[in-house]
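# Analysis of the macromolecular model
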Amino acid sequence: MKIINLIENTKGSKECFFEHGLSFYIETHNHKLLMDTGATNGFLANAEALGVDLKKVDTVILSHGHYDHAGGILEFVKQNPNAGIFMKRHADGEYYHKNDTMEKYIGIDPQIKNLSQIEWVDGNRKLDEELFLFSGITGRKLWPSGNLELKIKKKDGFYQDEFSHEQYLVIEEDKKRVLLSGCAHNGILNILEEYRNIYNSFPEAVISGFHMQKKSGYAQEDLEMVRKIAMELKKMPTKFYTGHCTGEIPYQILKECLGSQIEYVHSGDEIQLL
């Protein structure tokens, strides 16, 4: 399995564009696929620089309905009009980052939902012997506090986003499973709990942002939550690869606890699965 980060928030060792966004290119025995497409078309230039031919991609998975994961879709389909795009139902909702001083739309471009390649996913869905999508996370154990400013706009006002539009990809190859998420808004521990309900085991690897970053700064309880999450992850026989929305300070805490069990993935990096 080949996994290359096409774009992420931080500069890597290769000369790749970076932005507040996320996109992975993955090759399996039977597929060439994308997990998310970044915030802009920057991932397209990076793919070319990294020798990735996006015209050969057959499947696109959108992890959830935020612009920094879906921003490149419209430009991608101009290059590749044939790849199926799997989006969770309601990923086209009106999602906002809202607090006392700001109100910013962070949903996807409304044009995306009209693409003929879109396949809407309701609940869990097995695509084939390699690819499986699951969702429906309701647990709130150590739920990221940064989610509290993320809202959905409805006719009568703003409501807390419950992230029903988030889905997770499991890739199974050579009797090993890799779990991919975009931001793990529902909480990485809750997502892994649902994974265990499905597979009765842990994945060999998890690739995901952990949504621990807070631009407004970290209270002591935020940092303590990160430590608690790290201690739970440490119990698992799983290698973790993270970036994007995890945040520098939370990653330092995770790294102190998990050591070589966790790695940060920068823009342009290739993940070498053990």
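Residues numbered from 1 in each chain as written. Predicted model: local features only at pLDDT ≥ 70, side-chain atom pairs only at ≥ 80, totals over all residues. Heavy atoms only, no water.

### Structural notes on the packing of helix H4 (residues 188–199) against helix H5 (residues 220–234)
- Where H4 meets H5, the closest approach of the two axes is 10 Å, and the angle between their N-to-C directions is 25°. Taken together, the axes of H4 and H5 lie roughly parallel to each other. Note on element contacts: H5 touches H4 through Ile-229, Glu-232 and Leu-233, opposite Ile-188, Leu-189 and Leu-192.
- When grouped by side-chain class, the residues that make up the contact of H4 with H5 number 5 nonpolar, no polar and 1 charged. (Axes fitted to C-alpha atoms, helices over the stretch in contact; angles between N-to-C directions. Helix = DSSP H or I, 4+ residues; strand = E, 2+ residues; numbered from the N terminus. Parallel < 35°, antiparallel > 145°, perpendicular 65-115°, else oblique. Contact = heavy atoms within 4.5 Å. Nonpolar A, V, L, I, M, F, W, Y, C, P; charged D, E, K, R; others polar.)

### A few points about the sheet that holds strand E15 (residues 205–207)
- Read from one edge to the other, the open sheet built from 7 strands follows the order E9-E10-E13-E14-E15-E16-E17, with strand pairing classed as mixed. Of all the strands in the sheet, just strand E9 (125–126) and strand E17 (262–264) have a single pairing partner and so form its edges.
- Along the sheet face, helix H6 (residues 248–258) touches strand E16 (239–242) and E17 and points at about 145° away from the line of E17. (Pairing = 2+ DSSP bridges.)

### Let's talk about the pairing of strand E14 (residues 176–180)
- Pairing geometry for strand E13 (residues 168–173) and E14, over 5 bridges, is antiparallel. Opposite Leu-169, over in E14, you have Leu-180 as the bridge partner.
- Adjacent in sequence and paired antiparallel, E13 and E14 are bridged by 2 residues, among which Asp-174 carries a positive phi angle near 50°.
- Two strands pair when backbone bridges link them, and E14 and E15 are joined in this way by 3 bridges, in the parallel orientation. Within E15, the position partnered with Leu-180 by the bridge is Ile-207.

### Quick word on the sheet that holds strand E1 (residues 2–7)
- Within the open sheet, the 7 strands sit side by side as E8-E5-E4-E3-E2-E1-E18. Their pairing is mixed. Every interior strand has two partners, whereas the edge strands, strand E8 (118–121) and strand E18 (270–271), have only one.
- Taken strand by strand, helix H1 (residues 42–49) contacts E1, strand E2 (23–27) and strand E3 (32–35), and its axis lies near 135° from that of E1.

### Structural notes on the packing of aromatic side chains
- Under the counting rule described, the total for this entry stands at 7 aromatic pairs.
- Centre to centre, the rings of Tyr-96 and Tyr-105 are 5.5 Å apart; their planes meet at 70°, and the pair counts as edge-to-face.
- Among the residues examined, Tyr-96 registers a relative accessible area of 12% and is labelled buried.
- Look at Tyr-105 and you get partly exposed, because its relative accessible area is 34%.
- Three or more aromatic residues link up through ring pairs in this structure, and these residues are Tyr-96, Tyr-105 and Phe-158. (Phe/Tyr/Trp six-rings, centres within 6.5 Å; stacked < 30°, edge-to-face > 60°. Buried < 20%, exposed > 50% of the residue type's maximum accessible area, 1.4 Å probe, protein only.)

### Examining the side chain of Thr-59
- Topologically, Thr-59 is positioned in strand E4 (residues 59–61).
- We classify Thr-59 as buried; its relative accessible area is 6%.
- Within the structure, the side chain of Thr-59 is placed 2.6 Å from the side chain of Asp-58, a separation counted as a polar contact.
- In contact with Thr-59, not counting residues within four places along its chain, are His-31, Lys-32, Leu-33, Leu-34, Ala-83, Gly-84 and Phe-86. (Polar contact = N/O pair within 3.5 Å; in protein donor to acceptor, adjacent residues only side chain to side chain.)

### Observations regarding the pattern of salt bridges
- Considering all chains together, one arrives at 12 salt bridges under this definition.
- For the salt bridge of Lys-214 with Asp-222, the shortest nitrogen-to-oxygen distance reads 3.1 Å.
- The exposure class assigned to Asp-222 is buried, which follows from its relative accessible area of 11%.
- Overlapping salt bridges bring together Lys-141, Glu-232 and Lys-235 as one network. (Salt bridge = Lys/Arg side-chain N within 4 Å of Asp/Glu carboxyl O.)

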